Amino acid sequence: MYRFVSFIVIFSFVSVMLYFHNQNGHNQASEHGDAHSHKEVSIPSGEQIPSIEGSVKKDPSGSWLLHIMTDNFKFTPEKAGLNEVNYSEGHAHLYVNGQKLNRLYAIT
């Protein structure tokens, strides 16, 4: 009987923790799929072309650190949700193996 009660308690705890983990904002982009998608953008001639450079490494805790640097592009989280067209500022979408994982709004 003790094992059964222990199983129920542990199972309940893990279920609650998974529920709260899935409610965390880190997972929202992947849950909503195309809810925040954009069409391909053609940059008009005369505009500076943005470029991106980056690296990924694993930290001691086992998390992955993404470091990105941009030229001719500025992340502007304060303008999220606005419909202004600007080729040199905004946000980015992070894809891994063709699957959108998240949106990037700032570099710190």
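For the structure, see preceding data.
Conventions and cut-offs
Residues numbered from 1 in each chain as written. Predicted model: local features only at pLDDT ≥ 70, side-chain atom pairs only at ≥ 80, totals over all residues. Heavy atoms only, no water. Patch = residues over 30% accessible without salt bridge, like charges linked within 9 Å, V, L, I, M, F, W, Y side chains within 5 Å. Areas by Shrake-Rupley, 256 points an atom, 1.4 Å probe, with all protein chains shown as cover. Salt bridge = Lys/Arg side-chain N within 4 Å of Asp/Glu carboxyl O. Helix = DSSP H or I, 4+ residues; strand = E, 2+ residues; numbered from the N terminus. Buried < 20%, exposed > 50% of the residue type's maximum accessible area, 1.4 Å probe, protein only. Polar contact = N/O pair within 3.5 Å; in protein donor to acceptor, adjacent residues only side chain to side chain. Contact = heavy atoms within 4.5 Å. Pairing = 2+ DSSP bridges.

This part is about a nonpolar patch on the surface. Taken together, the side chains of Met-1, Phe-4, Val-5 and Ile-8 define a hydrophobic patch exposed on the protein surface, amounting to about 450 Å² of accessible area. If you trace the backbone, Val-5 turns up in helix H1 (residues 2-23).

It is worth spelling out the pattern of salt bridges at this point. This model, assessed by the stated rule, comprises one salt bridge. Linking Lys-79 and Glu-89 is a salt bridge whose minimum nitrogen-to-oxygen distance equals 2.4 Å. In this pair, Lys-79 is assigned in the loop between strand S3 (74-75) and strand S4 (89-90) and Glu-89 in strand S4, connecting sequence segments 10 residues apart. A relative accessible area of 18% places Glu-89 in the buried class.

Positionally, Lys-100 belongs in strand S6 (residues 99-104). A polar side-chain atom of Lys-100 sits 3.5 Å from a polar atom in the side chain of His-93.

Before going further, it helps to spend a moment on the side chain of Thr-76. Along the chain, Thr-76 falls in the loop between S3 and S4. The residues touching Thr-76, leaving out its near neighbours within four places in the chain, are Glu-89, Gly-90 and Tyr-105.

As defined by bridge partners, strand S5 (residues 92-96) adjoins S6 across five bridges and the pair is classed as antiparallel. Along S6, the bridge assignment pairs His-93 with Arg-103. Here S5 folds back onto S6, and the loop between the two strands holds two residues, one of which, Asn-97, carries a positive phi near 55°.

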